[in-house]
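Tertiary structure, described
Given next are the chains, with one letter for each unit.
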Amino acid sequence: QVQLVESGGGLVQPGESLRLSCAASGNRFSFYEMAWYRQAPGMQREVVATINDADTTFYADSVKGRFTISRDNAKNTVYLQMNSLKYEDTAVYYCYAETRVVVTRRYWGQGTQVTVSS
């Protein structure tokens, strides 16, 4: 059973930084894509950043230049470095991973809260 466990969330002030980590376990195959999504209260879940197995990345416009996604395949971990945090970054952040072996299988973490407040 694949498990994704996020860590690193917390309460920070505007302009500060946080680093989220997501450790995967139980996967028989390497992940094609890993990503971070977020969901603010009353809002739909949205993609924040993605990275595939070629290290090609994608960022939502709202976080470009401030957030950096990376992955360590040896540790089966994906990271999200978040700098210059804004109030509007407040959300539950979810880790996502998928494998593409014959069929596509998608996995989600349980989420970690990020709150930006003064």
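Note: the structure precedes this text.
Keep in mind the model is a prediction, meaning the values are calculated, not measured.

With that settled, consider the nonpolar core. Judged by nonpolar contacts, the single largest core of 29 residues is most densely connected at L4, W36, L80, M82 and Y93. Secondary structure elements with two or more residues in this core: strand 3 (18-25), strand 4 (33-39), strand 5 (46-52), strand 7 (67-72), strand 8 (77-82), strand 9 (91-101) and strand 11 (112-116).

Attention now moves to the pattern of salt bridges. One pass over the full model with this rule turns up five salt bridges. Of the charged contacts, one joins R38 and D89 as a salt bridge, the two residues approaching to 2.9 Å between their closest N and O atoms. Of this pair, R38 sits in strand 4 while D89 is found in the loop between strand 8 and strand 9, placing the two residues 51 residues apart along the sequence. Assessed through its relative accessible area of 6%, R38 is described here as buried. Overall, D89 belongs to the buried group, its relative accessible area being 0%. Connected through salt bridges with shared partners, the residues R38, E46, R66 and D89 form a single ionic network.

Further remarks concern the environment of R38. Considered as a pair, R38 and G111 are 73 residues apart in the sequence and their alpha carbons are 8.5 Å apart. Among the polar contacts made by the side chain of R38, one reaches the side chain of Y93 at a distance of 2.9 Å.

Quick notes on the rules
Residues numbered from 1 in each chain as written. Predicted model: local features only at pLDDT ≥ 70, side-chain atom pairs only at ≥ 80, totals over all residues. Heavy atoms only, no water. Core = buried A, V, L, I, M, F, W, Y, C linked by side-chain atoms within 4.5 Å. Buried < 20%, exposed > 50% of the residue type's maximum accessible area, 1.4 Å probe, protein only. Helix = DSSP H or I, 4+ residues; strand = E, 2+ residues; numbered from the N terminus. Salt bridge = Lys/Arg side-chain N within 4 Å of Asp/Glu carboxyl O. Polar contact = N/O pair within 3.5 Å; in protein donor to acceptor, adjacent residues only side chain to side chain.

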